[in-house]
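Residue strings, one per chain:
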Amino acid sequence: MGKGGEDYGKRETLGSDSSNQDSFPAWAKDVKECEEKFGVNQKIGLSSGEVEKRHQIYGYNELEKHEGTSIFKLILEQFNDTLVRILLAAAIISFVLALYDGEEGGEKEITAFVEPLVIFLILIVNAIVGIWQESNAEQALEALKEIQSEQANVFRDGRRVSNLPAKDLVPGDIVELRVGDKVPADMRVLSLISSTFRVEQGSLTGESEAVSKTAKAVAENTDIQGKKCMVFAGTTVVNGNCICLVTQIGMNTEIGKVHSQIQEASQNEEDTPLKKKLNEFGELLTLLIGVVCALVWLINVKYFLTWEYVDGWPGNFKFSFEKCTYYFEIAVALAVAAIPEGLPAVITTCLALGTRKMAQKNALVRKLPSVETLGCTTVICSDKTGTLTTNQMAVSKLVAMGSRVGTLRSFNVEGTTYNPSDGSIQDWPVGLMDANLQMIAKIAAICNDAGVEQSGNHYVANGLPTEAALKVLVEKMGFPDGSSNVSGYGDPQRCSELWNKLEQRIATLEFDRDRKSMGVIVNSSSKGKALLVKGAVENLLERSSSIQLLDGSVVKLDDYTRNLILQSLHEMSTSALRCLGFAYKQELSEFATYDGDEDHPAHQLLLNPANYSSIESDLIFVGLVGLRDPPRKEVRQAIEDCKAAGIRVMVITGDNKNTAEAICREIGVFGPHEDISSRSLTGRDFMAYGDKKNHLKQSGGLLFSRAEPRHKQEIVRLLKEDGEVVAMTGDGVNDAPALKLADIGIAMGISGTEVAKEASDMVLADDNFSTIVAAVGEGRSIYNNMKAFIRYMISSNIGEVASIFLTAALGIPEGMIPVQLLWVNLVTDGPPATALGFNPPDKDVMQKPPRRSDDSLITAWILFRYLVIGLYVGIATVGVFIIWYTHNKFLFIDLSGDGHSLVTYSQLANWGQCSSWEGFAVSPFTAGSQVFNFDENPCEYFRSGKIKASTLSLSVLVAIEMFNSLNALSEDGSLLTMPPWVNPWLLLAMSVSFGLHFLILYVPFLAQVFGIVPLSLNEWLLVLAVALPVILIDEVLKFVGRCTSGWRHSGARRYSKHKAE
């Protein structure tokens, strides 16, 4: 219940009957009991004093505003990620080391601060994106408030108060509802002012038609759809007016419960399958980094900590802080190398590109991770009304009288929308329309208060959907002269308007629930007055004494023909069609001179609805129609595609069981003659079911009808607990909590409420179920491509770790500094990784079963492959560093052009002892326009003098990673079968990455920042010679993978089966 600014604590002290009224089943009590319970008389209403008192007890009629997460907490949550924590630690340590180095001054200071600042920048951008996504979660609750009524007409102190703010309503208020009003609270109907009262509550309950309300009590255990004497907040009055008693306000209303469920569901949101895998990978990475860092320190502890043995015990410890810091920097470099810093940015880019592709297919993705989650969807829970069906009533069968007594004619009517050009009537007679069909068209057109109009590219109904469908039928029947109405090029109601011109309507006998019919009196220019009636077939037959045959002749209605009509009615009803009959009456003696004048004696007859049955007696029956909310044309094929893709479809609807079962058989969820007694349950039956999880595990389709919001949530929750990845579709307010709870919430763009859209992860622009299937295919393709670039980036990082580890293990000078590794991970690797997102999809992507959400991102074989590749990267980068120091020529490539001095491998590995070497001297060498001289301190040859060797190592790393991106085009396919040009974006990305590398090499300022120098042509040849073998190595590994794939996959299946058991 809404607080409305009042002190919640007052509830307990003021009135103890608050909780009693919360549980009082007003729908099961008669009007007098309800008035007594709430202490009110419907003619007088509450007094002002009583209203004030109840305000203090119940608060105001508004939805609670849940306090959102504080900005500080949101910021902290962004660092609740293993990879982010490692990065943060690396950045802090790098910053401290930069400050330490900065005390010495010099050029190193610029380089040292670049790395921590860049890492901090990555973390800040990541946090901003995360906070922005979190803050969007509250919008569904705000949208829910917008559908609340703002004003109400209330009776208080014995007088009518118009346009009272709806938030001021209290339980016990007497409210008048009229056509077009939005219901302001949950209320008990006390009395009808009009003969009928209908409410459109489909957005809350899922029902496809407006519901007639009554003041009569119903059973206490009735579900929400069956509470015919209750009206619910947020629904709309479409016909009639009545007096109601407010029973629940604010958070205690049905819409308030939906609000609470959305809030609860939003708190239970889980990470996407990919994020879970990346978190697992981050934890594994933390462990590996810890182990490797410990190994690096153990291997090199002798360089910064020495001791002597005295009497068998270690003593005289000597500790070198400078060398300790140096190896600490190596450990930091290792952390930077191990973390794929560019991965979050590349994933975001790939998902953003995926959303653009999906938008072209009418699937608008609101939350980026949903793109990836779609790819592993195993169950689609679909609403029926408006999702599998059009949510537009349409006539599907027309039954007219035959040419002689005891015969009927049946016509199938095509089309599923309000567009008169959508489909035609099969076997329709050519030429002039016979008299019987003309009469059916006349009644359908004139005894009708609805209309159809074009809105953009689609047609919408004004008024009751059933009557709008009859107007569409009239257009398909055509003009009386037999010519068709090409309404797609003009007025969609041309035929109906013609009938209304020919027959002037002068009086209406409103529909009521007792006689179940509606009649109009018309003034025909040729035949005088006539009564045209439509309504329930059984009721019209009871009041009919004759039938009209094909040629217009009228004959007595015999028992055989009556039974024939009832048999046809039964067949149509069992096919979930809603049937309406048509009849007329020509002899109207009381109305012979009536023209609508209020002073005419006949007008008095029309003022009392009790007279309508006698007026509508002795009718001439002419035919009947079957209407339904038809399935979309594309849905059947989409269901077949789901079956082929291993995705189960469950239909969860608020509609009645028979209608839902008929639709499910028609669209292929069930077979035409399949026994579905164990597959089709009502929501209530399911909640009472003993083993719910086993019921949901059944293969094939399932149906849940008469489902309430809590039923939908329970189904989604149980499926998720069982490891299923659930996509839930819906369009109404009642769907919002389940949309929020599902892995993928999919709302309808055209018919969907704002509440459903805001609670969803994806919106269908065309409301088409088949668009979901296309989006799942796209999601699978995107996941495969993401897997390709994640593996590519991880294999590159394994190579960098191997490089640093080998450097430390061999004791040679540090080959690459952290800022260089950061550049490679963020900038150089980024374009190829992103381009791998453009890999063409597999042709059989929707013929494979969905991957399980716990499937490994990296299998044991893939990990072995990338360990081999990583080891080669380490050997190549460290090897080229050693080659420059120890060789003048390698693979026939001359390296002596820069004039550098050669040293032995032993000297290089023990470079820390350089100061103790006698007669050690090195000559100057050139790099571009720079000359490096070491006359003052030859040992600098292993510190500042390593700049050329370091540049070679970095260039080899970049080149190898570019060639390795070609390996990632296919997991097991050779470059001979999947050549690089299948993805031209990758070739462009490689060019961009090489271009960026040349930029930092040949722009002096950037070269200084990154601690590198330009390379000569021969040195570039050496780089290519060392880098290219990575393609050959992976081709051999792929070949082995193809040869052993059979037994590897069967082993994996056995393991996963054992794990599941």
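Residues numbered from 1 in each chain as written. Predicted model: local features only at pLDDT ≥ 70, side-chain atom pairs only at ≥ 80, totals over all residues. Heavy atoms only, no water.

- If you look the chain up in an unreviewed UniProt entry, it shows as P-type Ca(2+) transporter from Cephalotus follicularis.
- Word for word, the UniProt comment on the chain under Subcellular location (unreviewed entry) is "Membrane". (UniProt positions renumbered as here; feature names shortened; annotations may be inferred.)

## Remarks on the overall build of the chain
Inference 1: Along the chain, the regular secondary structure elements total 39 helices and 34 strands.
Inference 2: Across the 1061 residues of the chain, 56% fall into the buried class.
Inference 3: Long-range contacts, defined as pairs at least 24 residues apart, comprise 71% of the intrachain contacts of the chain with a sequence gap of at least 6. (Helix = DSSP H or I, 4+ residues; strand = E, 2+ residues; numbered from the N terminus. Buried < 20%, exposed > 50% of the residue type's maximum accessible area, 1.4 Å probe, protein only. Contact = heavy atoms within 4.5 Å.)

## With respect to the state of the cysteines
Inference 1: Counting across every chain of the model gives one disulfide.
Inference 2: Two residues, Cys-914 and Cys-939, share a disulfide whose sulfurs are 2.0 Å apart. Taking the torsion about the sulfur-sulfur bond, which here is approximately -95°, the covalent link between Cys-914 and Cys-939 counts as left-handed. Placement of the pair is Cys-914 in the loop between α34 (905-909) and β33 (925-927) and Cys-939 in the loop between β34 (930-932) and α35 (947-967), with a sequence separation of 25 residues. (Disulfide = S-S within 2.5 Å.)

## Thoughts on the packing of α35 against helix α38 (residues 1017-1027)
Helix-helix packing is described using two parameters, namely the angle between the two axes and the distance between the axes.
Inference 1: Taken N-terminus to C-terminus, the directions of α35 and α38 make an angle of 45°; their axes are 9 Å apart at the nearest point. The angle between the axes of α35 and α38 places the two elements in the oblique class. The two elements α35 and α38 meet at a crossing, and its hand is right-handed. Only Glu-1019, Trp-1020, Val-1023, Leu-1024, Val-1026 and Ala-1027 of α38 make contact with α35, whose side of the interface consists of Lys-948, Leu-952, Ser-955, Val-956, Ala-959, Ile-960 and Phe-963.
Inference 2: Here the residues of the contact of α35 with α38 are counted per class, giving ten nonpolar, one polar and two charged. (Axes fitted to C-alpha atoms, helices over the stretch in contact; angles between N-to-C directions. Parallel < 35°, antiparallel > 145°, perpendicular 65-115°, else oblique. Left-handed = near helix turned anticlockwise from the far one by under 90°. Nonpolar A, V, L, I, M, F, W, Y, C, P; charged D, E, K, R; others polar.)

## Some thoughts on the confidence of the model for the chain
Inference 1: For the chain, mean pLDDT is 81; residues scoring 70 or higher make up 86% of the total.
Inference 2: Low pLDDT (under 50) marks residues 104-108, which in the prediction has three contacts with non-local residues, meaning those over four places away or in another chain. (pLDDT = per-residue confidence, 0-100.)

## With respect to the side chain of Ser-396
Inference 1: Mapped onto the fold, Ser-396 is located in strand β14 (residues 394-401).
Inference 2: Residue Ser-396 is classed as buried on the basis of its relative accessible area, which comes to 14%.

## Some details on the UniProt feature "transmembrane region" (unreviewed entry) in the chain
Inference 1: Sequence positions flagged by UniProt for "transmembrane region" (unreviewed entry) are, in local numbering, residues 82-100, 112-132, 284-305, 325-353, 789-812, 858-885, 985-1005 and 1020-1040.
Inference 2: As a span, residues 284-305 carries 95% helix and 5% strand, and end to end its C-alpha atoms are 30 Å apart.
Inference 3: Here residues 985-1005 runs as 95% helix and 0% strand, with 30 Å between its end C-alpha atoms.

## Focus on the sheet that holds strand β28 (residues 726-730)
Inference 1: One open sheet accounts for eight strands, arranged β12-β30-β29-β28-β13-β25-β27-β26; its pairing is mixed. Both outer strands of the open sheet, β12 (363-365) and β26 (680-682), are each paired with one neighbouring strand and no more. Shown here is a sheet whose adjacent strand axes are inclined to one another by a mean of 20°, direction ignored.
Inference 2: For strand β29 (residues 744-748) and strand β30 (residues 762-764), the ladder comprises three bridges, and the chain directions are parallel. Bridged to Ile-746 within β30 is Met-762. (Pairing = 2+ DSSP bridges.)

## Thoughts on helix α27 (residues 709-721)
Since one α-helical turn is 3.6 residues long, residues separated by three or four positions face the same way.
Inference 1: The end-to-end C-alpha distance of α27, which contains 13 residues, comes to 18 Å, matching closely the 18 Å that a straight helix rising 1.5 Å per residue would cover.
Inference 2: Counting buried positions over the 13 residues of α27 gives ten, a clear majority of the element.
Inference 3: Restricting attention to buried positions, one finds in α27 the residues Pro-709, His-711, Lys-712, Gln-713, Glu-714, Ile-715, Val-716, Leu-718, Leu-719 and Lys-720.
Inference 4: Phi turns positive, to about 90°, at Gly-723, one or two residues after α27. (Expected span 1.5 Å × (residues − 1).)

## A closer look at the pairing of strand β9 (residues 242-248)
Inference 1: A large share of β9 lies buried, amounting to seven of its seven residues.
Inference 2: Where strand β3 (residues 174-177) and β9 come together, four bridges link them in antiparallel fashion. Bridging across to β9, Val-175 finds its partner in Cys-244.
Inference 3: Looking at chain direction, strand β4 (residues 186-192) and β9 are connected through six bridges and run antiparallel. When the sheet's bridge partners are listed, Met-187 is paired in β9 with Val-246.

## Regarding a negative patch on the surface
Inference 1: Together, Asp-595, Asp-597, Glu-598 and Asp-599 make up a region of like negative charge exposed at the surface.
Inference 2: Within the secondary structure layout, Asp-595 lies in the loop between β23 (578-585) and α21 (601-607). (Patch = residues over 30% accessible without salt bridge, like charges linked within 9 Å, V, L, I, M, F, W, Y side chains within 5 Å. Areas by Shrake-Rupley, 256 points an atom, 1.4 Å probe, with all protein chains shown as cover. Salt bridge = Lys/Arg side-chain N within 4 Å of Asp/Glu carboxyl O. Lys, Arg positive; Asp, Glu negative; His and termini not counted. Charge placed at Lys NZ, Arg CZ, Asp CG, Glu CD.)

## Some thoughts on the environment of Asp-641
Inference 1: On the secondary structure map, Asp-641 appears in helix α23 (residues 635-644).
Inference 2: Residues within four places of Asp-641 in sequence aside, it is in contact with Val-773 and Met-846.

## With respect to the sheet that holds strand β8 (residues 236-239)
Inference 1: Pairing in this open sheet of three strands is antiparallel, and the strands run β6-β5-β8 from one edge to the other. Either end of the sheet is taken by a strand with one partner, and the two such strands are β6 (211-212) and β8.
Inference 2: Sheet topology places strand β5 (residues 198-200) next to β8; three bridges connect them, and they run antiparallel. Residue pairing across strands places Val-199 opposite Val-237, the latter belonging to β8.

## Things to note about the packing of α23 against helix α24 (residues 657-667)
Inference 1: Look at α23 against α24: their axes get within 8 Å of each other, and the N-to-C directions meet at 70°. Looking at the two axes, α23 sits roughly perpendicular to α24. The segment α23 lies against α24, with Val-635, Arg-636 and Ile-639 engaging Arg-665, Glu-666 and Ile-667.

## Structural notes on the nonpolar core
Inference 1: Phe-769 and Tyr-885 are the most contacted members of the largest nonpolar core, which has 138 residues in total.
Inference 2: Two domains each donate at least three residues to this core, and these are domain 2 (375-387 + 632-767) and domain 4 (783-840 + 858-1045).
Inference 3: If you look at the next biggest cluster of nonpolar residues, it comprises 53 residues, including Val-51, Phe-232, Leu-719 and Val-733. (Core = buried A, V, L, I, M, F, W, Y, C linked by side-chain atoms within 4.5 Å. Domains from an automatic or database assignment.)

## Quick notes on the packing of aromatic side chains
Inference 1: Tallied over the full model, the rule gives 22 aromatic pairs.
Inference 2: Note on Trp-884 and Phe-925: the rings are 5.3 Å apart at their centroids and 70° apart in plane angle, and the pair reads as edge-to-face. One end of the pair, Trp-884, is in helix α33 (residues 860-886); the other, Phe-925, is in strand β33, with 41 residues separating them in the sequence. Phe-925 matches Trp-884 in its accessibility class, with the two residues each being buried.
Inference 3: Arranged with centres 5.9 Å apart and planes meeting at 15°, the rings of Phe-920 and Phe-942 form a pair that is stacked. Placement of the pair is Phe-920 in the loop between α34 and β33 and Phe-942 in the loop between β34 and α35, with a sequence separation of 22 residues.
Inference 4: Three or more aromatic residues link up through ring pairs in this structure, and these residues are Phe-881, Trp-884, Tyr-885, Trp-917, Phe-920, Phe-925, Phe-932, Phe-934, Tyr-941 and Phe-942.
Inference 5: Looking at Arg-865, its charged tip hangs above the ring of Tyr-866, at a distance of 5.6 Å from the centre. (Phe/Tyr/Trp six-rings, centres within 6.5 Å; stacked < 30°, edge-to-face > 60°. Lys NZ or Arg CZ within 6 Å of the ring centre and 35° of its normal.)

## Regarding the pattern of salt bridges
For side chains bearing opposite charge, pairing can occur when the charged atoms are close.
Inference 1: One pass over the full model with this rule turns up 23 salt bridges.
Inference 2: A salt bridge links Arg-717 to Glu-721; its shortest N-O distance comes to 2.4 Å. With Arg-717 and Glu-721 both in helix α27 and four residues apart, this pair spans about one turn of that helix.
Inference 3: Residue class for Glu-721 comes out partly exposed when judged on its relative accessible area of 47%.
Inference 4: Look at the salt bridges and you will find they share partners, linking Lys-693, Glu-714, Arg-717 and Glu-721 into a network.

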